[in-house]
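Chain by chain, the residues run as shown.
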Amino acid sequence: MAESSPTSIKARKNRRQSIEDTPPSMSSSSGPLTEELQCSICLDVFTDPVTTPCGHNFCKTCLNKCWDNSQTCNCPYCKETFKHRPDLKINTTLRELVDHYKKKSPEKKAAVLCDVCEERKLNALKSCLVCQSSYCETHLETHLRVAGLKKHKLINPVSNLEDYICQKHERPLELFCRDDQTCVCPMCALKDHQNHNTVSLEEESEEKKTQLMKTQKDTQQKIQDRIKKIQDIKHSAEVRKRNTEKEKAARVELFTDLIRCIERCQTELLEMMEEQQKAAEEQEEELIEELEQEITELKMRNTELEQLSHTEDHLQLLQIYSSLCSSRDTRNWPEISVKTDESLETLRRALSKLQDSLQEKLTLTVSTDVKRMQQYAVDVTLDPDTAHPNLILSDDGKQVRFGDIRQKLPDKPERFDRYIYVLGKEGFSSGRFYFEVQVKGKTEWTLGVARESIDRKGEITLSPSDGCWTVRLRNGNEYKACDDPPVSLCVRVKPQRVGVFVDYEEGLVSFYDVESSSHIYSFTGQSFTEKLYPYFSPCNNDGGKNSTPLIITPVKHNK
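Small disclaimer: the values here were computed from a predicted structure and weren't measured. (Residues numbered from 1 in each chain as written. Predicted model: local features only at pLDDT ≥ 70, side-chain atom pairs only at ≥ 80, totals over all residues. Heavy atoms only, no water.)

(A) Structural context of the side chain of Asn 541. Its location among the elements puts Asn 541 in the loop between strand S22 (532–537) and strand S23 (550–553). On the basis of relative accessibility, which here comes to 12%, the residue Asn 541 falls in the buried class. Excluding anything up to four places from it in sequence, Asn 541 contacts Phe 402, Asp 404, Asn 546 and Ser 547. (Helix = DSSP H or I, 4+ residues; strand = E, 2+ residues; numbered from the N terminus. Buried < 20%, exposed > 50% of the residue type's maximum accessible area, 1.4 Å probe, protein only. Contact = heavy atoms within 4.5 Å.)

See below:
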(Lines give C-alpha, C1' and ligand atoms only; values in the text may rest on other atoms or scores of the structure.)
Protein backbone atom coordinates (compact mmCIF):
# COMPACT_ATOMS: atom_id res chain seq x y z
CA MET A 1 0.00 0.00 0.00
CA ALA A 2 1.48 3.40 -0.98
CA GLU A 3 2.41 5.45 2.09
CA SER A 4 1.94 8.68 0.11
CA SER A 5 -1.80 8.15 0.17
CA PRO A 6 -3.27 11.33 1.66
CA THR A 7 -6.41 9.63 2.90
CA SER A 8 -6.64 6.16 4.45
CA ILE A 9 -9.81 4.08 4.66
CA LYS A 10 -10.06 4.78 8.38
CA ALA A 11 -9.68 8.50 7.78
CA ARG A 12 -12.44 8.39 5.16
CA LYS A 13 -14.66 6.46 7.59
CA ASN A 14 -14.04 9.04 10.30
CA ARG A 15 -14.91 11.84 7.94
CA ARG A 16 -18.10 10.00 6.90
CA GLN A 17 -18.96 9.41 10.58
CA SER A 18 -18.67 13.13 11.23
CA ILE A 19 -21.21 13.68 8.49
CA GLU A 20 -23.48 11.03 10.00
CA ASP A 21 -23.40 12.82 13.34
CA THR A 22 -24.49 16.09 11.75
CA PRO A 23 -28.20 16.86 12.47
CA PRO A 24 -30.49 17.11 9.47
CA SER A 25 -30.94 20.83 9.90
CA MET A 26 -27.21 21.32 9.27
CA SER A 27 -27.01 19.16 6.15
CA SER A 28 -26.71 20.69 2.73
CA SER A 29 -29.96 20.67 0.88
CA SER A 30 -31.74 22.33 -1.95
CA GLY A 31 -34.64 23.49 0.18
CA PRO A 32 -36.84 22.84 3.22
CA LEU A 33 -38.77 20.03 1.55
CA THR A 34 -35.51 18.24 0.70
CA GLU A 35 -34.39 18.42 4.33
CA GLU A 36 -37.61 16.77 5.45
CA LEU A 37 -37.01 13.94 2.99
CA GLN A 38 -33.30 13.43 3.73
CA CYS A 39 -31.76 10.64 5.73
CA SER A 40 -29.43 12.12 8.38
CA ILE A 41 -27.06 9.17 7.93
CA CYS A 42 -26.42 9.17 4.16
CA LEU A 43 -27.55 12.78 3.64
CA ASP A 44 -29.55 11.63 0.64
CA VAL A 45 -33.25 11.37 -0.14
CA PHE A 46 -34.83 8.46 1.73
CA THR A 47 -34.77 4.95 0.26
CA ASP A 48 -37.31 2.66 1.96
CA PRO A 49 -37.76 5.02 4.94
CA VAL A 50 -38.33 3.52 8.41
CA THR A 51 -39.33 5.21 11.66
CA THR A 52 -37.68 4.58 15.05
CA PRO A 53 -39.78 4.37 18.25
CA CYS A 54 -38.59 7.91 19.08
CA GLY A 55 -40.18 9.18 15.85
CA HIS A 56 -37.15 9.89 13.64
CA ASN A 57 -36.82 8.63 10.05
CA PHE A 58 -33.88 6.97 8.28
CA CYS A 59 -33.19 4.80 5.24
CA LYS A 60 -33.77 1.19 6.24
CA THR A 61 -30.36 0.06 4.94
CA CYS A 62 -28.53 2.97 6.59
CA LEU A 63 -30.10 2.34 10.00
CA ASN A 64 -29.49 -1.43 9.84
CA LYS A 65 -25.80 -0.87 8.95
CA CYS A 66 -25.47 1.61 11.79
CA TRP A 67 -26.89 -0.86 14.30
CA ASP A 68 -24.96 -3.82 12.85
CA ASN A 69 -21.71 -1.99 13.63
CA SER A 70 -22.73 -1.06 17.18
CA GLN A 71 -23.25 -3.03 20.36
CA THR A 72 -26.27 -0.90 21.29
CA CYS A 73 -29.26 0.25 19.30
CA ASN A 74 -29.82 3.98 19.58
CA CYS A 75 -31.26 6.69 17.39
CA PRO A 76 -28.50 8.28 15.28
CA TYR A 77 -30.29 11.62 15.58
CA CYS A 78 -31.40 12.00 19.23
CA LYS A 79 -29.19 9.18 20.67
CA GLU A 80 -32.12 7.55 22.52
CA THR A 81 -31.16 3.95 23.36
CA PHE A 82 -33.52 1.02 22.85
CA LYS A 83 -33.39 -2.09 25.06
CA HIS A 84 -34.32 -4.35 22.18
CA ARG A 85 -33.60 -3.86 18.51
CA PRO A 86 -36.84 -2.47 17.03
CA ASP A 87 -38.59 -4.38 14.23
CA LEU A 88 -38.35 -1.86 11.41
CA LYS A 89 -41.37 -1.37 9.18
CA ILE A 90 -41.30 0.80 6.07
CA ASN A 91 -43.19 4.07 6.50
CA THR A 92 -45.41 3.73 3.42
CA THR A 93 -46.80 7.26 3.65
CA LEU A 94 -43.31 8.78 3.74
CA ARG A 95 -42.16 6.47 0.94
CA GLU A 96 -45.03 7.62 -1.29
CA LEU A 97 -44.09 11.22 -0.54
CA VAL A 98 -40.45 10.48 -1.43
CA ASP A 99 -41.46 8.74 -4.67
CA HIS A 100 -43.62 11.72 -5.60
CA TYR A 101 -40.73 14.09 -4.84
CA LYS A 102 -38.29 12.03 -6.93
CA LYS A 103 -40.66 12.13 -9.90
CA LYS A 104 -41.05 15.89 -9.60
CA SER A 105 -37.34 16.53 -8.88
CA PRO A 106 -35.14 13.98 -10.70
CA GLU A 107 -31.99 13.22 -8.72
CA LYS A 108 -28.81 14.68 -10.14
CA LYS A 109 -25.54 12.87 -9.74
CA ALA A 110 -23.40 14.75 -7.25
CA ALA A 111 -19.98 15.91 -8.40
CA VAL A 112 -16.91 14.23 -6.88
CA LEU A 113 -14.51 16.79 -5.44
CA CYS A 114 -10.73 16.62 -5.23
CA ASP A 115 -9.50 15.34 -1.86
CA VAL A 116 -6.24 17.39 -2.03
CA CYS A 117 -7.61 20.85 -2.79
CA GLU A 118 -7.69 22.85 0.44
CA GLU A 119 -9.55 26.14 -0.13
CA ARG A 120 -11.75 25.94 -3.22
CA LYS A 121 -12.17 22.26 -4.06
CA LEU A 122 -12.25 21.47 -7.77
CA ASN A 123 -14.10 18.60 -9.42
CA ALA A 124 -12.09 15.37 -9.45
CA LEU A 125 -10.87 14.01 -12.78
CA LYS A 126 -9.90 10.54 -11.55
CA SER A 127 -10.03 8.43 -8.42
CA CYS A 128 -7.06 6.26 -7.39
CA LEU A 129 -7.86 2.87 -5.88
CA VAL A 130 -4.35 2.54 -4.40
CA CYS A 131 -4.23 5.97 -2.80
CA GLN A 132 -7.95 5.77 -2.08
CA SER A 133 -8.41 9.42 -3.05
CA SER A 134 -9.85 11.51 -5.85
CA TYR A 135 -7.79 14.13 -7.71
CA CYS A 136 -8.49 17.16 -9.86
CA GLU A 137 -6.48 17.71 -13.05
CA THR A 138 -3.71 19.59 -11.23
CA HIS A 139 -3.20 17.12 -8.39
CA LEU A 140 -3.48 14.14 -10.75
CA GLU A 141 -0.31 15.28 -12.53
CA THR A 142 2.03 13.36 -10.20
CA HIS A 143 0.22 10.09 -10.98
CA LEU A 144 0.85 10.69 -14.65
CA ARG A 145 4.50 11.68 -14.17
CA VAL A 146 6.03 9.72 -11.28
CA ALA A 147 7.00 6.16 -12.25
CA GLY A 148 5.82 4.55 -9.02
CA LEU A 149 2.44 6.30 -9.16
CA LYS A 150 1.89 5.40 -12.82
CA LYS A 151 1.23 1.82 -11.70
CA HIS A 152 -1.71 2.87 -9.54
CA LYS A 153 -5.22 1.90 -10.62
CA LEU A 154 -7.12 4.99 -11.81
CA ILE A 155 -10.86 5.00 -12.43
CA ASN A 156 -13.48 7.60 -13.21
CA PRO A 157 -14.18 9.67 -10.10
CA VAL A 158 -16.51 8.08 -7.55
CA SER A 159 -17.65 9.30 -4.15
CA ASN A 160 -17.86 5.83 -2.61
CA LEU A 161 -14.24 4.75 -2.99
CA GLU A 162 -14.50 2.46 0.03
CA ASP A 163 -16.81 0.25 -2.01
CA TYR A 164 -13.93 -0.35 -4.45
CA ILE A 165 -11.47 -1.28 -1.68
CA CYS A 166 -11.25 -4.57 0.22
CA GLN A 167 -12.30 -3.73 3.77
CA LYS A 168 -10.15 -6.56 5.12
CA HIS A 169 -6.84 -5.99 3.31
CA GLU A 170 -7.30 -2.35 2.21
CA ARG A 171 -6.40 -3.21 -1.36
CA PRO A 172 -8.30 -2.54 -4.61
CA LEU A 173 -10.94 -5.06 -5.59
CA GLU A 174 -9.34 -6.11 -8.87
CA LEU A 175 -10.58 -9.70 -9.19
CA PHE A 176 -13.90 -11.52 -9.30
CA CYS A 177 -14.52 -14.92 -7.70
CA ARG A 178 -16.93 -16.84 -9.89
CA ASP A 179 -17.45 -19.53 -7.28
CA ASP A 180 -18.70 -17.07 -4.66
CA GLN A 181 -19.89 -14.43 -7.14
CA THR A 182 -18.10 -11.59 -5.35
CA CYS A 183 -15.34 -9.05 -5.97
CA VAL A 184 -12.02 -9.74 -4.19
CA CYS A 185 -8.56 -8.23 -3.86
CA PRO A 186 -5.33 -10.13 -4.73
CA MET A 187 -4.79 -10.99 -1.05
CA CYS A 188 -8.29 -12.49 -0.82
CA ALA A 189 -7.57 -14.54 -3.93
CA LEU A 190 -4.42 -15.97 -2.35
CA LYS A 191 -6.02 -16.75 1.04
CA ASP A 192 -9.79 -17.10 1.26
CA HIS A 193 -10.32 -17.90 -2.44
CA GLN A 194 -7.11 -19.82 -3.17
CA ASN A 195 -8.63 -22.70 -5.14
CA HIS A 196 -11.54 -20.72 -6.59
CA ASN A 197 -12.07 -19.64 -10.17
CA THR A 198 -11.01 -15.98 -10.11
CA VAL A 199 -10.75 -13.67 -13.11
CA SER A 200 -10.08 -9.98 -13.58
CA LEU A 201 -12.92 -7.53 -13.12
CA GLU A 202 -12.53 -6.50 -16.75
CA GLU A 203 -12.93 -10.07 -18.01
CA GLU A 204 -15.98 -10.73 -15.82
CA SER A 205 -17.46 -7.35 -16.73
CA GLU A 206 -17.10 -8.08 -20.45
CA GLU A 207 -18.78 -11.45 -20.00
CA LYS A 208 -21.59 -9.85 -17.99
CA LYS A 209 -21.95 -7.19 -20.68
CA THR A 210 -22.25 -9.96 -23.27
CA GLN A 211 -24.95 -11.61 -21.17
CA LEU A 212 -26.67 -8.25 -20.71
CA MET A 213 -26.59 -7.66 -24.45
CA LYS A 214 -28.13 -11.08 -24.99
CA THR A 215 -30.76 -10.37 -22.32
CA GLN A 216 -31.40 -6.98 -23.90
CA LYS A 217 -31.75 -8.61 -27.29
CA ASP A 218 -34.15 -11.19 -25.84
CA THR A 219 -36.09 -8.41 -24.14
CA GLN A 220 -36.29 -6.44 -27.37
CA GLN A 221 -37.50 -9.57 -29.14
CA LYS A 222 -40.17 -10.04 -26.44
CA ILE A 223 -41.20 -6.42 -26.94
CA GLN A 224 -41.49 -6.98 -30.69
CA ASP A 225 -43.40 -10.22 -30.11
CA ARG A 226 -45.85 -8.47 -27.85
CA ILE A 227 -46.22 -5.55 -30.26
CA LYS A 228 -46.98 -8.08 -32.98
CA LYS A 229 -49.41 -9.86 -30.65
CA ILE A 230 -51.19 -6.55 -30.06
CA GLN A 231 -51.35 -6.01 -33.81
CA ASP A 232 -52.68 -9.53 -34.26
CA ILE A 233 -55.33 -8.96 -31.60
CA LYS A 234 -56.37 -5.69 -33.23
CA HIS A 235 -56.46 -7.39 -36.62
CA SER A 236 -58.47 -10.24 -35.16
CA ALA A 237 -60.87 -7.72 -33.65
CA GLU A 238 -61.31 -6.04 -37.04
CA VAL A 239 -61.84 -9.38 -38.79
CA ARG A 240 -64.28 -10.48 -36.09
CA LYS A 241 -66.14 -7.17 -36.41
CA ARG A 242 -66.41 -7.56 -40.18
CA ASN A 243 -67.54 -11.17 -39.86
CA THR A 244 -70.02 -10.22 -37.18
CA GLU A 245 -71.47 -7.50 -39.41
CA LYS A 246 -71.79 -9.99 -42.26
CA GLU A 247 -73.37 -12.56 -39.97
CA LYS A 248 -75.76 -9.93 -38.59
CA ALA A 249 -76.75 -8.92 -42.11
CA ALA A 250 -77.35 -12.57 -43.03
CA ARG A 251 -79.42 -13.15 -39.89
CA VAL A 252 -81.42 -9.95 -40.47
CA GLU A 253 -82.13 -11.07 -44.02
CA LEU A 254 -83.21 -14.50 -42.78
CA PHE A 255 -85.58 -13.18 -40.15
CA THR A 256 -86.86 -10.53 -42.55
CA ASP A 257 -87.82 -13.37 -44.89
CA LEU A 258 -89.43 -15.19 -42.00
CA ILE A 259 -91.42 -12.11 -41.03
CA ARG A 260 -92.58 -11.67 -44.61
CA CYS A 261 -93.57 -15.32 -44.70
CA ILE A 262 -95.54 -14.88 -41.47
CA GLU A 263 -97.27 -11.76 -42.80
CA ARG A 264 -98.11 -13.52 -46.07
CA CYS A 265 -99.51 -16.54 -44.23
CA GLN A 266 -101.46 -14.24 -41.94
CA THR A 267 -103.00 -12.42 -44.93
CA GLU A 268 -103.88 -15.70 -46.63
CA LEU A 269 -105.36 -17.02 -43.41
CA LEU A 270 -107.53 -13.93 -42.87
CA GLU A 271 -108.75 -14.03 -46.45
CA MET A 272 -109.55 -17.71 -46.08
CA MET A 273 -111.47 -17.04 -42.88
CA GLU A 274 -113.45 -14.23 -44.53
CA GLU A 275 -114.34 -16.49 -47.46
CA GLN A 276 -115.42 -19.23 -45.09
CA GLN A 277 -117.49 -16.76 -43.07
CA LYS A 278 -119.22 -15.52 -46.22
CA ALA A 279 -119.94 -19.07 -47.39
CA ALA A 280 -121.31 -19.96 -43.97
CA GLU A 281 -123.62 -16.93 -43.99
CA GLU A 282 -124.95 -17.82 -47.46
CA GLN A 283 -125.54 -21.40 -46.30
CA GLU A 284 -127.42 -20.15 -43.26
CA GLU A 285 -129.66 -17.89 -45.39
CA GLU A 286 -130.53 -20.72 -47.76
CA LEU A 287 -131.39 -23.02 -44.86
CA ILE A 288 -133.60 -20.42 -43.21
CA GLU A 289 -135.43 -19.75 -46.48
CA GLU A 290 -136.09 -23.45 -47.02
CA LEU A 291 -137.25 -23.86 -43.43
CA GLU A 292 -139.64 -20.95 -43.66
CA GLN A 293 -141.14 -22.30 -46.93
CA GLU A 294 -141.63 -25.74 -45.41
CA ILE A 295 -143.26 -24.22 -42.33
CA THR A 296 -145.76 -22.41 -44.55
CA GLU A 297 -146.64 -25.63 -46.36
CA LEU A 298 -147.04 -27.53 -43.10
CA LYS A 299 -149.34 -24.85 -41.70
CA MET A 300 -151.59 -25.05 -44.78
CA ARG A 301 -151.77 -28.83 -44.52
CA ASN A 302 -152.51 -28.62 -40.81
CA THR A 303 -155.45 -26.30 -41.52
CA GLU A 304 -156.88 -28.74 -44.09
CA LEU A 305 -156.56 -31.61 -41.62
CA GLU A 306 -158.34 -29.63 -38.94
CA GLN A 307 -161.22 -28.78 -41.28
CA LEU A 308 -161.55 -32.39 -42.43
CA SER A 309 -161.73 -33.61 -38.84
CA HIS A 310 -164.96 -31.58 -38.34
CA THR A 311 -166.72 -32.36 -41.66
CA GLU A 312 -170.08 -34.20 -41.81
CA ASP A 313 -169.51 -35.27 -45.35
CA HIS A 314 -168.42 -38.82 -44.87
CA LEU A 315 -167.99 -39.52 -48.53
CA GLN A 316 -165.62 -36.53 -48.99
CA LEU A 317 -163.60 -37.50 -45.88
CA LEU A 318 -163.03 -40.98 -47.19
CA GLN A 319 -162.13 -39.77 -50.68
CA ILE A 320 -159.38 -37.28 -49.60
CA TYR A 321 -158.19 -39.00 -46.41
CA SER A 322 -155.46 -40.98 -48.09
CA SER A 323 -153.95 -37.94 -49.83
CA LEU A 324 -153.96 -35.77 -46.68
CA CYS A 325 -152.54 -38.38 -44.34
CA SER A 326 -149.70 -39.43 -46.64
CA SER A 327 -146.56 -37.41 -45.49
CA ARG A 328 -144.65 -35.60 -48.09
CA ASP A 329 -140.90 -36.14 -48.23
CA THR A 330 -139.12 -33.52 -46.16
CA ARG A 331 -135.45 -32.86 -45.27
CA ASN A 332 -134.02 -34.43 -42.16
CA TRP A 333 -133.50 -31.09 -40.40
CA PRO A 334 -131.96 -32.48 -37.20
CA GLU A 335 -128.93 -33.60 -39.26
CA ILE A 336 -128.35 -30.12 -40.64
CA SER A 337 -125.85 -28.04 -38.61
CA VAL A 338 -123.36 -25.20 -39.19
CA LYS A 339 -119.75 -26.37 -38.77
CA THR A 340 -118.48 -23.64 -36.48
CA ASP A 341 -115.13 -25.38 -35.80
CA GLU A 342 -113.96 -25.33 -39.44
CA SER A 343 -112.28 -21.93 -39.03
CA LEU A 344 -110.35 -23.12 -35.99
CA GLU A 345 -109.25 -26.26 -37.77
CA THR A 346 -108.21 -24.22 -40.78
CA LEU A 347 -106.20 -21.93 -38.51
CA ARG A 348 -104.45 -24.91 -36.98
CA ARG A 349 -103.59 -26.29 -40.38
CA ALA A 350 -102.25 -22.90 -41.48
CA LEU A 351 -100.13 -22.51 -38.35
CA SER A 352 -98.80 -26.03 -38.76
CA LYS A 353 -97.90 -25.21 -42.34
CA LEU A 354 -96.18 -22.00 -41.21
CA GLN A 355 -94.26 -23.85 -38.49
CA ASP A 356 -93.07 -26.41 -41.03
CA SER A 357 -91.97 -23.58 -43.29
CA LEU A 358 -90.04 -21.84 -40.49
CA GLN A 359 -88.41 -25.10 -39.40
CA GLU A 360 -87.43 -25.79 -42.99
CA LYS A 361 -85.79 -22.37 -43.29
CA LEU A 362 -83.96 -22.73 -39.97
CA THR A 363 -82.77 -26.24 -40.84
CA LEU A 364 -81.61 -24.95 -44.21
CA THR A 365 -79.67 -22.18 -42.43
CA VAL A 366 -77.93 -24.61 -40.03
CA SER A 367 -77.18 -27.00 -42.90
CA THR A 368 -75.69 -24.11 -44.81
CA ASP A 369 -73.52 -23.25 -41.77
CA VAL A 370 -72.29 -26.85 -41.50
CA LYS A 371 -71.49 -26.95 -45.22
CA ARG A 372 -69.59 -23.66 -44.91
CA MET A 373 -67.63 -24.88 -41.89
CA GLN A 374 -66.74 -28.18 -43.56
CA GLN A 375 -64.74 -26.14 -46.06
CA TYR A 376 -62.19 -25.54 -43.28
CA ALA A 377 -61.67 -29.24 -42.51
CA VAL A 378 -58.18 -30.15 -41.25
CA ASP A 379 -56.42 -33.48 -40.82
CA VAL A 380 -56.25 -34.11 -37.06
CA THR A 381 -53.98 -36.78 -35.57
CA LEU A 382 -53.67 -37.60 -31.87
CA ASP A 383 -50.40 -36.71 -30.11
CA PRO A 384 -49.15 -39.74 -28.11
CA ASP A 385 -46.79 -37.51 -26.07
CA THR A 386 -49.81 -35.81 -24.48
CA ALA A 387 -51.92 -38.94 -23.86
CA HIS A 388 -52.72 -40.06 -20.30
CA PRO A 389 -51.03 -43.43 -19.53
CA ASN A 390 -54.43 -45.21 -19.46
CA LEU A 391 -55.32 -44.11 -23.01
CA ILE A 392 -54.67 -46.46 -25.91
CA LEU A 393 -54.16 -44.83 -29.32
CA SER A 394 -54.46 -46.55 -32.68
CA ASP A 395 -51.38 -46.81 -34.89
CA ASP A 396 -52.73 -44.19 -37.30
CA GLY A 397 -53.49 -41.80 -34.43
CA LYS A 398 -57.17 -41.53 -35.36
CA GLN A 399 -58.75 -43.51 -32.50
CA VAL A 400 -58.49 -43.39 -28.72
CA ARG A 401 -60.01 -45.60 -26.05
CA PHE A 402 -59.58 -46.16 -22.32
CA GLY A 403 -57.41 -49.03 -21.11
CA ASP A 404 -57.84 -50.50 -17.64
CA ILE A 405 -54.07 -50.99 -17.23
CA ARG A 406 -51.90 -47.89 -16.75
CA GLN A 407 -49.01 -47.99 -19.22
CA LYS A 408 -45.42 -47.19 -18.23
CA LEU A 409 -44.72 -44.11 -20.36
CA PRO A 410 -42.08 -41.35 -20.08
CA ASP A 411 -43.31 -38.56 -17.79
CA LYS A 412 -42.96 -35.79 -20.34
CA PRO A 413 -43.96 -32.20 -19.45
CA GLU A 414 -46.67 -32.22 -22.11
CA ARG A 415 -48.31 -35.48 -20.92
CA PHE A 416 -51.54 -35.46 -18.92
CA ASP A 417 -50.94 -37.59 -15.84
CA ARG A 418 -54.07 -36.91 -13.78
CA TYR A 419 -56.97 -36.61 -16.21
CA ILE A 420 -57.85 -38.88 -19.12
CA TYR A 421 -57.08 -36.38 -21.88
CA VAL A 422 -55.17 -36.32 -25.15
CA LEU A 423 -54.55 -33.47 -27.60
CA GLY A 424 -54.10 -33.29 -31.34
CA LYS A 425 -50.57 -33.02 -32.71
CA GLU A 426 -51.05 -29.76 -34.59
CA GLY A 427 -52.06 -26.47 -32.97
CA PHE A 428 -53.70 -23.48 -34.63
CA SER A 429 -53.02 -19.81 -33.81
CA SER A 430 -55.06 -18.13 -36.53
CA GLY A 431 -57.79 -18.65 -39.12
CA ARG A 432 -60.53 -21.29 -39.04
CA PHE A 433 -60.43 -25.06 -38.68
CA TYR A 434 -62.97 -27.88 -38.46
CA PHE A 435 -62.87 -31.59 -37.60
CA GLU A 436 -65.37 -34.39 -36.95
CA VAL A 437 -65.38 -37.14 -34.34
CA GLN A 438 -67.51 -40.31 -34.26
CA VAL A 439 -69.09 -40.78 -30.81
CA LYS A 440 -71.48 -43.58 -31.78
CA GLY A 441 -71.99 -46.24 -29.12
CA LYS A 442 -70.51 -44.19 -26.27
CA THR A 443 -72.23 -43.25 -23.01
CA GLU A 444 -69.60 -40.67 -21.99
CA TRP A 445 -67.17 -38.43 -23.88
CA THR A 446 -65.73 -34.90 -23.95
CA LEU A 447 -64.68 -33.00 -27.09
CA GLY A 448 -63.46 -29.54 -27.99
CA VAL A 449 -60.26 -27.50 -28.06
CA ALA A 450 -57.71 -26.44 -25.41
CA ARG A 451 -55.02 -23.79 -25.33
CA GLU A 452 -51.35 -24.79 -25.42
CA SER A 453 -50.60 -23.71 -21.83
CA ILE A 454 -53.30 -25.90 -20.26
CA ASP A 455 -52.04 -27.50 -17.04
CA ARG A 456 -51.00 -31.07 -17.83
CA LYS A 457 -50.25 -32.17 -14.26
CA GLY A 458 -52.44 -30.36 -11.77
CA GLU A 459 -56.10 -29.68 -11.16
CA ILE A 460 -58.03 -28.76 -14.31
CA THR A 461 -61.50 -27.29 -14.61
CA LEU A 462 -63.01 -27.75 -18.05
CA SER A 463 -63.96 -24.12 -18.64
CA PRO A 464 -62.86 -21.20 -20.83
CA SER A 465 -61.17 -19.58 -17.81
CA ASP A 466 -58.85 -22.62 -17.60
CA GLY A 467 -58.28 -22.70 -21.35
CA CYS A 468 -60.81 -25.37 -22.43
CA TRP A 469 -63.82 -25.01 -24.71
CA THR A 470 -65.64 -28.35 -24.61
CA VAL A 471 -68.97 -30.17 -24.75
CA ARG A 472 -69.47 -33.46 -22.90
CA LEU A 473 -71.87 -36.40 -22.50
CA ARG A 474 -72.46 -38.17 -19.20
CA ASN A 475 -74.73 -41.07 -18.15
CA GLY A 476 -75.79 -41.76 -21.73
CA ASN A 477 -78.09 -38.75 -22.19
CA GLU A 478 -76.84 -35.82 -20.12
CA TYR A 479 -75.25 -33.26 -22.44
CA LYS A 480 -73.51 -30.19 -21.07
CA ALA A 481 -71.44 -27.30 -22.43
CA CYS A 482 -68.50 -26.67 -20.07
CA ASP A 483 -68.95 -22.91 -20.04
CA ASP A 484 -68.65 -20.38 -17.19
CA PRO A 485 -71.02 -21.48 -15.66
CA PRO A 486 -71.80 -24.91 -17.27
CA VAL A 487 -74.90 -25.06 -19.50
CA SER A 488 -77.17 -28.11 -19.71
CA LEU A 489 -78.12 -28.90 -23.32
CA CYS A 490 -81.38 -30.19 -24.76
CA VAL A 491 -80.42 -32.60 -27.55
CA ARG A 492 -83.41 -34.06 -29.43
CA VAL A 493 -81.48 -36.73 -31.30
CA LYS A 494 -78.39 -38.41 -29.85
CA PRO A 495 -75.44 -37.33 -32.04
CA GLN A 496 -73.47 -40.08 -33.73
CA ARG A 497 -70.86 -37.76 -35.20
CA VAL A 498 -69.90 -34.36 -33.75
CA GLY A 499 -68.36 -31.52 -35.76
CA VAL A 500 -66.12 -28.97 -34.03
CA PHE A 501 -65.53 -25.59 -35.70
CA VAL A 502 -63.17 -22.81 -34.53
CA ASP A 503 -62.84 -19.26 -35.83
CA TYR A 504 -59.72 -17.99 -34.07
CA GLU A 505 -60.07 -14.30 -34.95
CA GLU A 506 -63.80 -14.21 -34.21
CA GLY A 507 -63.35 -16.00 -30.86
CA LEU A 508 -65.87 -18.71 -31.81
CA VAL A 509 -66.03 -22.44 -30.97
CA SER A 510 -69.13 -24.25 -32.30
CA PHE A 511 -70.36 -27.85 -32.02
CA TYR A 512 -72.75 -29.57 -34.49
CA ASP A 513 -74.56 -32.86 -34.91
CA VAL A 514 -73.21 -33.67 -38.35
CA GLU A 515 -75.83 -36.20 -39.48
CA SER A 516 -78.86 -34.08 -38.58
CA SER A 517 -77.07 -30.80 -39.42
CA SER A 518 -78.26 -29.39 -36.10
CA HIS A 519 -76.48 -26.92 -33.86
CA ILE A 520 -75.45 -28.16 -30.41
CA TYR A 521 -73.68 -25.21 -28.73
CA SER A 522 -71.36 -22.24 -29.41
CA PHE A 523 -68.82 -20.39 -27.28
CA THR A 524 -68.84 -16.82 -28.58
CA GLY A 525 -66.88 -13.64 -27.84
CA GLN A 526 -63.77 -15.52 -26.68
CA SER A 527 -60.27 -14.02 -26.81
CA PHE A 528 -57.57 -16.43 -28.02
CA THR A 529 -53.93 -15.45 -27.46
CA GLU A 530 -52.08 -18.74 -27.96
CA LYS A 531 -52.25 -21.95 -29.96
CA LEU A 532 -55.41 -24.05 -29.75
CA TYR A 533 -55.24 -27.85 -29.96
CA PRO A 534 -58.08 -30.35 -30.65
CA TYR A 535 -59.05 -31.97 -27.35
CA PHE A 536 -60.39 -35.51 -26.73
CA SER A 537 -61.46 -37.62 -23.75
CA PRO A 538 -63.11 -41.04 -24.24
CA CYS A 539 -63.69 -41.20 -20.42
CA ASN A 540 -63.67 -44.44 -18.37
CA ASN A 541 -65.04 -47.73 -19.70
CA ASP A 542 -67.97 -47.65 -17.26
CA GLY A 543 -67.89 -51.42 -16.80
CA GLY A 544 -67.70 -52.04 -20.55
CA LYS A 545 -70.66 -49.77 -21.43
CA ASN A 546 -68.32 -47.04 -22.68
CA SER A 547 -65.51 -49.10 -24.22
CA THR A 548 -66.14 -47.84 -27.78
CA PRO A 549 -63.30 -45.57 -28.96
CA LEU A 550 -63.56 -41.97 -30.14
CA ILE A 551 -62.77 -41.93 -33.85
CA ILE A 552 -61.54 -38.93 -35.83
CA THR A 553 -63.37 -39.38 -39.14
CA PRO A 554 -62.71 -37.90 -42.58
CA VAL A 555 -65.03 -34.97 -43.31
CA LYS A 556 -67.69 -35.92 -45.86
CA HIS A 557 -69.28 -32.76 -47.20
CA ASN A 558 -73.07 -32.80 -46.76
CA LYS A 559 -75.06 -32.32 -49.95
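From this point on, the discussion continues.
(B) Structural view of the state of the cysteines. Scanning all chains against the criterion turns up zero disulfides. Not part of a disulfide, Cys 54 finds its nearest cysteine sulfur in Cys 75, a span of 3.5 Å. Taking the relative accessible area as the measure of exposure, Cys 54 reaches 23% and is therefore partly exposed. Among the cysteines around Cys 185, which has no disulfide bond, Cys 188 carries the closest sulfur, lying 3.5 Å off. (Disulfide = S-S within 2.5 Å.)

(C) Up close: the pairing of strand S20 (residues 508–513). Among the six residues of S20, six are classified as buried, and the element is accordingly described as predominantly covered. Burial along S20 is two-sided: the residues Leu 508, Ser 510 and Tyr 512 and Val 509, Phe 511 and Asp 513 are all buried. In this antiparallel pair of consecutive strands, strand S19 (residues 497–503) and S20, the connection spans four residues, and Gly 507 shows a positive phi of 70°. Sheet topology places S20 next to strand S21 (residues 518–523); five bridges connect them, and they run antiparallel. When the bridges of S21 are listed, Asp 513 appears paired with Ser 518. (Pairing = 2+ DSSP bridges.)

(D) Examining helix H4 (residues 92–104) more closely. With 13 residues, H4 should reach 18 Å at 1.5 Å per residue; the first-to-last C-alpha distance of 18 Å fits that figure. Residues of H4 that are buried: Leu 94, Val 98 and Tyr 101. Seen along its axis, H4 keeps its buried residues to an arc of 60°; they face one direction. Residues Thr 93, Glu 96, Lys 103 and Lys 104 are exposed on H4 and point more than 90 degrees away from its buried face. (Expected span 1.5 Å × (residues − 1). Arc of directions from axis to C-beta.)

(E) Spotlight on helix H3 (residues 60–68). Buried within H3 are the following residues: Cys 62, Leu 63 and Trp 67. One side of H3 carries all its buried residues, which in axial view fall inside an arc of 125°. Facing away from the buried side of H3 by more than 90 degrees, the exposed set consists of Thr 61, Lys 65 and Asp 68. Packed against the buried residues of H3 are strand S1 (49–51), strand S2 (57–59), strand S3 (73–74) and strand S4 (81–82).

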